[in-house]
Amino acid sequence: MNKPALSLPLLRLLGCLLAAGALPLAAQNSEAPGSNSPTGSPQNPSGAQPAPVQTPGIPPEALKTQSKPAVVRVNVTNQPWDFMRPWAKRAPFSRRAVGAVLSDKRVLVTGELVANANFIELEAPEGGQKVSASVEVVDYEANLALLKAEDPTFMKNFEALAFTEGTVGDTLSVWQLENTGTVLVTKGSLTTAEVARYPIDESALLVYRATVSLQFRDSSFTLPVVKDGKLAGLIMRYDNTTKSAEIVPTPVIEHFLKDAARAPYEGFPRAGLAYSNTRDPQFRRYIGLNGDTSGGIYVTDVLKGGPTEKAGIEPGDVIAEINGEAIDQDGNYNDPAYGKLSLTHLMGTRHFDGDTVQVTVLRKGQRKKMGLTLARRSPGQFVSEPYVIDRAPRFYILGGLVLQELSRQLLKEWGADWSKKAPEDFVYLDRHQTELFKDGDRKIVVLSGMLPSALTVGYEELRQMVVKRINGVELSKLGDVPVALANPVQGLHKIEFEGDPSCIYLDAASLAEADAMLMQNYRIPVLKRLE
Amino acid sequence: MIMRVPQLLIALALTTASAWAQPNEVRKSLARITNTAQVPNYRIPWLPGQTGGGSGTGWVVEKERLLTNAHVVSNARFLTVEKENDPKKYIATVEHIAHDCDLALLKVDDPSFFKDTKPLPLGALPEIESTVSVFGYPIGGDRLSVTRGIVSRVDFRTYSHSLLDSHLCIQIDAAINPGNSGGPVLQDSKVVGVAFQGYSGDVAQNVGYMIPTPVIQRFLQDIADGRYDRYMDLSLNTFNLLNPAHRRALNLPDDGRGVVVSSVQSAGVCAGVLKEGDVILAIDGHPVFSDGMVELDGERVLMAEVAERKFLGDSVRFSVLREGKEQSLTVKFDRAWPYTLQANTYEQQPDYVLFGGLLFQPLSRNLTGAYQFANPRIGYFFDAFVSKELYKTHPSVIILSSILPDPINTYLGDFKEGIVDEVNGKKINALKDLAEAFEEKTEFYVLKFVGVGRPLVLERAAVEAARSRIKRRYNVLEEQNISASF
């Protein structure tokens with residue numbers, strides 16, 4: 001009920017295409033070396049011409065302007081950590097994608113492509129020259145990453161893509177690469193632009209949806225979406241049965257790039273606010289909103305210490321306007337480019353961390369204007385982190401008890417159906433964390449597994465429990481474990497759980513011996529990782 | 001003992017019986033039972049439910065009474081029993097039914113049914129690997145069927161009829177099929193069990209289960225006073241004391257004795273007597289070993305088996321080590337465990353309140369079976385109801401289970417599957433609280449749901465205007481049924 005209602009933008013202004021066109025990149029002038037000038041005659045040493053000549057689907061304007069390729073193959077080897085065995089990584093796997101070359105010769109791909117990447121290389125579409133690359137900036141919530149070739153001369157032979165925004169009804173071209181380096185162009189139409197969930201569950205940003213019949217190619221994990229020869233977005237999800245593609249759109253890319261241009265990267269800000277619609281006339285009369293036509297959303301919850309609370313907005317308030325834009329009963333404002341769009345876009349994508357928006361609130365018949373300073377909520381600020389990527393899981397093996405902090409990433413070890421298969425109280429704690437831990441600012445230490453040892457006789461069946469205390473010390477993060485272990489009572493460590501059994505004991509003097517056995521018999525390289 | 005387990009077991013809704021000594025003698029005491037049942041529909045709770053049929057086996061257990069499984073005669077509207085070599089169908093009624101141990105006792109209206117029948121005597125627990133015969137009327141034909149097998153193991157197992165209760169159970173490898181349910185399993189002309197459940201063939205082979213005689217005898221003894229009081233339950237959890245460090249922490253010698261009390265249900269009989277952290281050394285004089293077992297009649301069984309043999313009004317004596325001192329504590333079984341929402345229930349019409357097209361129902365296993373709720377909070381309330389003592393704040397968990405669409409509730413779809421917390425500021429602990437709140441004459445009814453920031457608001461005028469319209473449109477016979485006390 002607190003999820004923002006989403007609606008189709010149906011109204012469209014003719015002029016918006018031009019107004020929302022390609023945007024200048026702040027990084028473009030400062031970072032691009034003179035030798036990498038994107039203009040000029042073809043200098044490709046192989047003499048290869050870009051593919052469009054052979055591809056009937058390519059728009060004529062692309063043929064004219066593109067003497068060099070504007071896309072590059074990106075080969076990534078990913079190796080995520082195994083949260084069930086937090087000392088080890090899973091088997092590596094490889095993905096191939098097509099990245100978009102930007103004017104500063106960096107390469108734009110989706111964040112998901114490079115999540116937990118061990119190795120990234122760029123490959124010329126034709127000729128197949130390869131060069132190692134590194135991630136310069138990545139935002140997993142916006143699902144975007146900026147890559148940089150280690151050898152800048154490699155990028156010399158690429159053209160850059162400019163940006164454009166899409167409009168519902170537009171014909172978009174999706175670019176794939178044939179083995180020959182030819183660009184395979186598939187056309188589809190942009191059907192919807194709306195705020196929707198991104199792969200990171202906690203993140204909701206603008207998405208373009210397009211209907212397009214893509215053919216299978218081995219390098220299609222991320223694909224550029226082009227309109228009139230300019231980049232309109234990157235495909236992040238594609239459903240082969242419904243032929244529908246979800247695209248990270250230009251406004252999100254634009255926000256990401258502007259932010260990336262001024263270090264440190266801040267990310268997409270939030271208001272720390274949950275709301276519900278006010279459509280029901282009975283409810284509107286109850287909260288004193290008169291008339292059936294006016295808008296406003298009902299604030300159901302504010303994050304403690306979050307921007308909305310700091311602004312003085314309370315649950316029960318009705319938000320009527322943001323920066324002078326009227327908010328309708330479903331939480332949408334009238335966006336100049338996309339029509340009705342969730343206020344999430346207005347606050348999170350049209351503004352940056354630290355920006356202040358003016359919020360008009362109705363409270364007990366009074367109209368109040370409040371300044372709300374938006375801030376990003378980093379994953380570390382969650383009690384159960386929504387994702388742990390590019391970072392090894394923290395863990396502590398205590399005589400065979402495997403202790404970790406509860407996170408959504410750990411829960412996802414139970415598979416796509418984790419919310420049904422993972423231990424129910426873990427799912428409950430994760431899902432209702434803001435309700436259960438109003439003060440935030442803590443983690444939940446759990447027993448995630450058990451490696452039977454001489455110390456754990458009788459405890460073999462225990463796992464998936466919340467650990468409350470060790471030796472009487474409350475655990476509010478994994479780092480508290482070694483602190484608590486410094487003070488055993490009469491040679492015993494007392495470990496207290498939420499649930500049954502409420503406590504167990506370990507022999508403190510035998511821990512070192514058990515540690516040696518665990519490392520040797522279970523071949524565990526390290527018994528703890530706290531950073 | 002009440003516990004939860006996976007639902008792999010299937011009840012054998014036809015019947016069986018066996019006695020390999022003199023089948024001709026045994027068959028005189030057997031009956032085929034045909035049940036016309038009516039199963040309540042939790043999605044349309046004001047309707048009486050659909051009628052269906054089933055058959056099983058029963059046998060003469062004592063003078064003019066038939067014993068069978070509870071699941072053979074559950075939700076019965078009309079019962080008939082038949083004998084071999086007698087063309088007549090006799091009308092029967094359920095005299096006692098015990099859903100927690102899947103047994104029932106039937107009366108036959110016409111006493112002439114019992115002419116020439118002889119009660120089958122009860123035997124003891126059969127030895128492992130000894131041969132038994134299963135008698136009954138399973139699928140595959142109309143006449144008596146006998147199958148033979150050996151006793152594979154004696155164990156504590158979940159009884160799938162209630163799904164909440166576990167009792168002693170004997171596994172045999174004789175073929176047991178639907179229709180065998182309720183039939184006797186014989187050895188040396190004595191009944192050693194009642195066939196009652198098995199695995200479907202794609203899960204396991206040659207695994208059938210029977211209810212052993214200690215459970216049958218307990219049932220017969222319980223109803224001797226004319227009333228079935230259910231199994232008694234200690235309602236506490238214990239944890240093993242196998243770990244040397246754990247023993248040291250509790251100052252226990254290394255003698256392999258004692259388990260530690262890890263939780264005591266505040267609504268159970270042990271509340272106020274036993275405490276978390278107590279070490280149970282003996283129960284009714286039987287030493288408790290550190291893995292939680294006791295020795296009863298030469299068999300090592302779970303400590304809970306001692307409570308299994310108790311009746312309402314009985315007591316159990318614990319030898320407990322608390323704060324270094326050994327004490328003797330007595331727990332009286334003055335009530336059965338009150339909160340059975342996690343068990344399948346039978347016979348009862350569903351409880352509900354319908355208001356403004358909103359259907360409110362108390363959470364139960366029957367309800368979650370009828371609706372596939374997507375709200376994970378409901379799953380949590382169901383599973384943690386006892387373990388986290390949620391009954392203390394929500395003795396009954398009232399759910400907005402469905403909405404009969406009407407202009408009055410057209411914007412309320414988001415509230416579906418919510419758990420009602422308060423109405424107009426009053427806590428809702430039972431369905432009757434909700435019905436009372438809706439009877440108040442107030443301009444707005446403001447419903448708060450657990451974990452939901454926005455209240456659901458109904459205007460009294462609108463509800464009253466919609467009332468007859470909703471009743472007529474959806475053929476609602478009654479707007480509420482409230483039977484449970486909480």
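Conventions used here
Numbering of residues starts from 1 in each chain and follows the order in which that chain's sequence is written. In the order they appear in the text, chains get letters beginning with A and ligands get numbers beginning with 1. At least 70 in pLDDT is required for a residue's local features to be given in this predicted model, at least 80 for side-chain atom pairs to be given and counted, and no such filter applies to totals for whole chains, interfaces and linings, which use all residues. Neither water nor hydrogens contribute to the side-chain values; these are computed over all heavy atoms in the structure. The numbering of helices and of strands both runs from the N terminus, where a helix is a DSSP run of H or I of at least 4 residues and a strand a run of E of at least 2. Summary of the burial criterion: residues with accessible area below 20% of their type's maximum are buried, those above 50% are exposed, and those between are partly exposed, where the area comes from a 1.4 Å probe applied to protein chains only. Contacts between residues were defined by any pair of non-hydrogen atoms, one from each residue, lying within 4.5 Å. All the domain ranges listed were derived from an automatic or database domain assignment. Once two parts are brought into contact, the accessible area they lose, counted with a 1.4 Å probe and summed over both, makes up the buried area. Looking at any residue, its pLDDT shows the predictor's confidence there, from 0 to 100. Two strands pair if DSSP finds at least two bridges between them. To get an axis, a line is fitted to the C-alpha atoms, and for a helix only the part in contact is used. The angle between two axes follows their N-to-C directions and goes from 0 to 180 degrees. Stacked, edge-to-face and tilted are the three classes for Phe, Tyr and Trp ring pairs, Trp counted by its six-membered ring, which pair at centre distances within 6.5 Å; planes under 30 degrees apart are stacked, over 60 edge-to-face, the rest tilted. Salt bridge, as used here: a side-chain nitrogen of Lys or Arg that lies within 4 Å of a carboxyl oxygen of Asp or Glu. Definition of a polar contact: a pair of N or O atoms within 3.5 Å, with one able to donate and the other able to accept a hydrogen when the atoms are protein atoms, and with sequence-neighbouring residues admitted only if both atoms are side-chain atoms. Asp, Glu, Lys and Arg are counted as charged, while Ala, Val, Leu, Ile, Met, Phe, Trp, Tyr, Cys and Pro are counted as nonpolar; the rest, among them Gly, fall into the polar class. For cavity detection a 1 Å grid was placed over the protein atoms alone, and a set of points counts as a cavity when a 1.4 Å probe fits there but cannot get out; an open set counts as a pocket when protein lies on both sides within 12 Å along at least five of seven lines, with lining residues being those that have an atom within 4 Å of a point. Grid points are joined across faces, edges and corners, and a volume is the space filled by probe spheres set on the points. Each nonpolar core is a collection of buried residues, namely Ala, Val, Leu, Ile, Met, Phe, Trp, Tyr and Cys, held together in the definition by side-chain atoms within 4.5 Å. Expected helix span is taken as 1.5 Å per residue step, with the number of steps being one fewer than the number of residues.

**What to know about the overall build of chain A**
Of the regular secondary structure elements, chain A holds 13 helices and 28 strands. The buried share among the 531 residues of chain A stands at 55%. Contacts in chain A between residues at least 24 apart in sequence constitute 64% of all its contacts with a sequence separation of at least 6.

**Observations concerning the domain arrangement of chain A**
By a frequent convention, interface size equals the accessible area lost on bringing the separate parts together. Residues and elements named next belong to chain A. Domain annotation for chain A reports domain 1 (62–264), domain 2 (273–373) and domain 3 (380–529). Summarising the inter-unit geometry, the C-alpha centres of domain 1 and domain 2 are found 34 Å apart. In this assembly, 15 residues from domain 1 lie in contact with 10 residues from domain 2. Note on domain 1 versus domain 2: buried area summed over both sides is about 960 Å², and carbon and sulfur give 68% of it.

**What to know about the confidence of the model for chain A**
Taken as a whole, chain A shows an average pLDDT of 87; of its residues, 87% reach a score of 70 or greater. The low-confidence segment residues 1–66 of chain A, where pLDDT is below 50, has 117 contacts with residues more than four positions distant or belonging to other chains.

**Points about the sheet that holds strand E29 (residues 480–481) of chain B**
All names here are of chain B. Pairing is antiparallel across the open sheet formed by 4 strands, whose spatial order is E24-E23-E22-E29. Across the chains shown, the open sheet's two edge strands, defined by having one partner strand only, are strand E24 (398–403) and E29. Here helix H8 (residues 431–439) sits on the sheet and contacts strand E22 (352–355), strand E23 (358–362), E24 and E29; the angle it forms with E22, its principal contact strand, is near 25°.

**Describing the packing of aromatic side chains**
Residue and element names in this part refer to chain B. Overall, the coordinates contain 27 aromatic pairs over all chains when judged by the stated rule. On the basis of an interplanar angle of 80° and a centroid distance of 5.1 Å, the ring pair of Phe113 and Phe114 is categorised as edge-to-face. For Phe113, a relative accessible area of 1% translates into the label buried. Residue classification places Phe114 among the buried residues on the basis of a relative accessible area of 8%. The rings of Trp337, Tyr339, Phe385 and Tyr391 are connected pair by pair, giving a single aromatic cluster.

**Focus: unusual backbone geometry**
Residues and elements named next belong to chain A. Omega for the peptide link from Ala263 to Pro264 comes to -5°, which places this bond in the cis form. With respect to the helices and strands, the residue Pro264 is situated in the loop between helix H4 (250–261) and strand E13 (273–276). Positioned with a positive phi, Asn323 is a non-glycine residue whose angle comes to about 50°. Relative to the helices and strands, Asn323 is located in the loop between strand E15 (318–322) and strand E16 (325–326). Overall, the relative accessible area of 35% leaves Asn323 in the partly exposed class. Positive phi, close to 65°, is recorded for Asp390, a residue that is not glycine. Looking at where Asp390 falls in the secondary structure, it is placed in the loop between strand E20 (366–373) and strand E21 (395–398). Exposure remark for Asp390: the relative accessible area of 44% places this residue in the partly exposed category.

**Considerations on the interface of chain B and chain A**
Taken together, the contacts link 35 residues of chain B with 35 residues of chain A. Linking chain B to chain A there are 4 salt bridges. For Arg248 of chain B, the salt bridge is made with Asp507 of chain A, and the minimal N-O distance between the two is 3.4 Å. On inspection of chain B and its partner chain A, the count reaches 16 residue pairs in polar contact (both at pLDDT 80 or more). Of all the secondary structure elements, the ones that give two or more residues to the side of chain B that touches chain A are strand E14 (236–239), helix H4 (244–249), strand E15 (259–264), helix H7 (376–387), strand E27 (444–449) and strand E28 (456–459) of chain B. Ranked by residues supplied to the side of chain B that touches chain A, first place goes to H7 of chain B with 6 residues. Along the lines of polarity and charge, the residues of the side of chain B that touches chain A split into 18 nonpolar, 9 polar and 8 charged.

**A short note on the sheet that holds strand E12 (residues 244–249) of chain A**
Residue and element names in this part refer to chain A. Spatial strand order, E7-E8-E9-E12-E11-E10: 6 strands in a closed barrel with antiparallel pairing. Each strand axis lies, on average, 45° off the axis of its neighbour in the sheet, ignoring direction. When strand E8 (residues 183–197) meets strand E9 (residues 204–211), the two strands line up antiparallel, connected through 8 bridges. Bridge assignment links Leu190 to a residue of E9, and that residue is Ala210. The sheet strands contacting H4 are E9, strand E11 (230–239) and E12, and the helix crosses E12 at an angle near 35°.

**A word on empty space enclosed by the protein**
One simple way to see leftover space: roll a probe sized like a water molecule over the atoms. Residue and element names in this part refer to chain A. Under the definition given, this model contains 6 cavities of 30 Å³ or more. Forming the walls of the largest cavity are Phe83, Val383, Glu385, Val388, Arg391, Pro393, Arg394, Gln404, Glu405, Leu406, Ser407 and Lys443. Partitioned by chemical class, the residues of the lining of the largest cavity number 5 nonpolar, 2 polar and 5 charged.

**Here we look at the pattern of salt bridges**
All names here are of chain A. Going through the model one piece at a time under the given rule, you end up with 58 salt bridges over all chains. The partner of Asp335 in a salt bridge is Arg350, and the shortest N-O contact between them spans 2.7 Å. Separated by 15 residues along the polypeptide, Asp335 in strand E17 (residues 332–335) and Arg350 in the loop between helix H7 (343–349) and strand E19 (356–363) bring together distant segments of the chain. The class for Asp335 is buried, based on a relative accessible area of 5%. Note on Arg350: relative accessible area 36%, which makes it partly exposed. Three or more residues joined by partner-sharing salt bridges are found here, namely Asp201, Glu202, Arg408, Lys412 and Asp430.

**Examining the environment of Ala193 of chain A**
Relative to the assigned elements, Ala193 of chain A resides in strand E8. Each C-alpha atom of the pair Ala193 of chain A and Arg209 of chain A lies 6.3 Å from the other, and the pair is 16 residues apart in sequence.

**Points about the nonpolar core**
Within the largest apolar cluster, 71 residues are counted, with the highest numbers of intra-cluster contacts made by Leu108, Leu144, Val252 and Ile322 of chain A. Shared between two domains, this core holds at least three residues of each, these being domain 1 (62–264) and domain 2 (273–373) of chain A. Each residue touching Ile322 of chain A, except ones within four places of it in the same chain, is listed here: Ile327, Leu343, Leu346, Met347, Val357, Gln358 and Val359 of chain A. Membership of the second largest hydrophobic core comes to 55 residues, among which are Tyr339, Leu363, Val423 and Leu447 of chain B.

**Observations regarding the pairing of E28 of chain B**
Residue and element names in this part refer to chain B. Alternating positions in E28 separate into two faces, Leu456 and Leu458 on one and Val457 and Glu459 on the other, with burial throughout. In this sheet, E28 lies alongside E27 in antiparallel orientation, the contact comprising 4 bridges. Residue pairing across strands places Leu447 opposite Leu456, the latter belonging to E28. What sits between the antiparallel neighbours E27 and E28 is a turn of 6 residues, in which Gly451 has the positive phi angle 75°.

**Side note on the domain arrangement of chain B**
Residues and elements named next belong to chain B. The assigned domain composition of chain B is domain 1 (9–224), domain 2 (236–332) and domain 3 (352–481). Taken over C-alpha atoms, the centre of domain 1 sits 35 Å from the centre of domain 2. Contacts between the two partners involve 7 residues from domain 1 and, on the opposite side, 6 residues from domain 2. Summed over both partners, the interface of domain 1 with domain 2 comes to about 690 Å²; 62% of that surface belongs to carbon and sulfur atoms. When the area that domain 1 buries against domain 2 is broken down by residue, the three leading residues are Phe156, Leu168 and Arg218, summing to 62%. At the junction of domain 1 with domain 2, the criterion picks out 0 salt bridges. Linking domain 1 with domain 2 are 3 residue pairs in polar contact (both at pLDDT 80 or more), by the criterion used here. Taken together, the elements giving at least two residues each to the side of domain 1 that touches domain 2 come down to strand E10 (166–172) and helix H3 (213–222).

**Structural notes on the pairing of E23 of chain B**
Residues and elements named next belong to chain B. Most of E23 is tucked away, with 5 of its 5 residues classed as buried. The side-chain alternation of E23 yields two buried faces, one formed by Leu358, Phe360 and Pro362 and the other by Leu359 and Gln361. Inspection of the sheet shows E22 paired to E23 by 3 bridges, in the antiparallel sense. Opposite Val353, over in E23, you have Phe360 as the bridge partner.

**A closer look at H4 of chain A**
All names here are of chain A. With 12 residues, H4 should reach 16 Å at 1.5 Å per residue; the first-to-last C-alpha distance of 16 Å fits that figure. By the criterion of burial, H4 is predominantly enclosed, with 9 of the 12 residues buried. Listed in full, the buried residues belonging to H4 are Thr250, Pro251, Val252, Ile253, His255, Phe256, Leu257, Asp259 and Ala260.

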